[in-house]
Amino acid sequence: MYKAGAPFTSQLEKQDPSAQYKGTEWEKYDAYQRQLKRFDIRVFGRESDCLQKFFATADSAALFPEYVARAVKQGAEEAKVLELISASRTNINSMDYRTIVSLTGQEDSAVIVEEGGFLPETAIKLRENLVRLHKRGRMLCASYEALKFQRIDLFTVALRQIGACIAKAQLKDAVEVLINGDGNENPAQVIKTAKSGEVGYTDLLNLWNSFGDYEMNVLLASPDMMLKLLQIKELQDPATGLNFQGTGRLSTPLGAVLVKSSAVPEGTVVGLDRRFALETVTAGDVLVEYDKLIDCQLERAAVTAIAGFSKLFPEAVKVLKVLEEQAR
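From a predicted model like this one, the values you see are computed outputs, not experimental measurements.

## A few points about the pattern of salt bridges
Pairing between side chains of opposite charge can happen when the charged atoms of each approach one another.
Okay, step 1: This structure, assessed with the given rule, holds 11 salt bridges.
Okay, step 2: Here K53 and D49 are joined by a salt bridge, their closest N and O atoms 3.5 Å apart.
Okay, step 3: The salt bridge partner of D173 is R136, with a shortest N-O separation of 2.7 Å. Taken together, the residues D173 in helix α7 (residues 152–180) and R136 in strand β4 (residues 133–143) connect sequence positions 37 residues apart.

Here it is as structure tokens:
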């Protein structure tokens with residue numbers, strides 16, 4: 001089933017459709033979760049089982065790779081920055097993908113058309129270069145003692161951390177595309193601060209104004225720039241502090257969500273319109289290649305994810321950089 005090319009859970013659903021459980025106590029579970037119930041494997045909470053419960057039978061052992069994939073995916077999804085900045089998510093079944101580009105006619109607005117007049121066109125074409133996909137992953141090696149004695153709930157934490165690492169690497173790829181383009185000659189416009197080594201509210205206004213008809217609704221800041229931004233008087237509004245305490249997110253007086261990320265180069269702030277800036281391309285889901293090495297008593301799980309990014313509308317991304325100090 002893992003080699004069939006379709007998601008493991010979807011294949012289980014074909015053999016055991018959830019629709020037939022409507023109105024019963026099993027309605028809230030998907031086909032995979034029902035299999036966990038079938039083998040009495042508890043994966044969450046204080047009463048979770050030890051990992052060896054998965055390997056009690058050959059059938060229950062077949063559920064282990066899907067458990068690993070789900071835990072890793074959960075960790076990746078908890079790092080929500082990629083979700084925040086992606087305008088579209090495309091899943092493909094190959095390593096080659098060419099996204100689209102929108103070409104406007106004489107006007108890029110909906111003009112008044114007189115009777116019998118010319119209707120402006122918007123042409124949708126394929127981009128010249130392919131989207132670069134990168135394979136990210138980790139090899140998880142667990143000793144026999146870890147599998148035998150550790151609780152599944154604790155093991156899930158380690159897997160979620162792997163997912164968070166993969167998401168962090170993918171975010172760095174996304175920021176690289178936002179700043180330098182995706183290979184189709186579409187780097188972001190760079191705006192310099194007025195003073196060397198400093199960033200002020202006027203610089204943020206200039207960045208906001210450069211978007212034209214687009215909306216600057218997300219700001220990705222490097223750690224050093226985040227410190228500089230938080231020292232701006234206009235960003236010290238009490239409502240901003242209350243929002244941060246309640247949601248964990250900072251917002252600016254300009255209405256943009258402010259996110260700190262080490263994926264952004266030092267001295268850089270990336271502003272974007274999340275509705276039109278970035279397309280996330282994935283080749284399949286989280287992949288787990290699993291094998292049991294009896295001779296060294298190790299369980300090995302290769303956890304990988306393939307993703308790439310494409311810039312949809314270059315005008316929806318702008319970069320603010322600190323003006324470097326002049327050498328004396």
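## Considerations on the packing of aromatic side chains
Okay, step 1: Here the structure, examined in full by the defined rule, presents 7 aromatic pairs.
Okay, step 2: Put simply, the rings of F54, F55, F64 and Y67 touch in pairs and so form one group of aromatic residues.

## Digging into helix α8 (residues 201–209)
Okay, step 1: Looking only at α8, the buried set comprises D203, L204 and L207. End-on view of α8: buried residues confined to an arc of 100°, all on one side of the axis. The exposed residues of α8 that point more than 90 degrees off its buried face are T202 and N209.
Okay, step 2: Summarising the contacts, the buried residues of α8 are in contact with β5 (189–196), β6 (218–221), α9 (223–230) and β13 (317–323).

## Section: the pairing of strand β9 (residues 268–272)
Okay, step 1: Most of β9 is tucked away: 5 of the 5 residues are buried.
Okay, step 2: The alternating pattern of β9 places T268, V270 and L272 and V269 and G271 on opposite faces, both of which are buried.
Okay, step 3: With 4 bridges connecting them, β6 and β9 associate as antiparallel partners. Residue pairing for β9: L220 is matched across the bridge by V270.
Okay, step 4: Looking at chain direction, β9 and β13 are connected through 5 bridges and run antiparallel. Looking at β13, one finds that L272 is bridged to V317.

What counts as what
- Residues numbered from 1 in each chain as written.
- Predicted model: local features only at pLDDT ≥ 70, side-chain atom pairs only at ≥ 80, totals over all residues.
- Heavy atoms only, no water.
- Salt bridge = Lys/Arg side-chain N within 4 Å of Asp/Glu carboxyl O.
- Helix = DSSP H or I, 4+ residues; strand = E, 2+ residues; numbered from the N terminus.
- Phe/Tyr/Trp six-rings, centres within 6.5 Å; stacked < 30°, edge-to-face > 60°.
- Buried < 20%, exposed > 50% of the residue type's maximum accessible area, 1.4 Å probe, protein only.
- Arc of directions from axis to C-beta.
- Contact = heavy atoms within 4.5 Å.
- Pairing = 2+ DSSP bridges.

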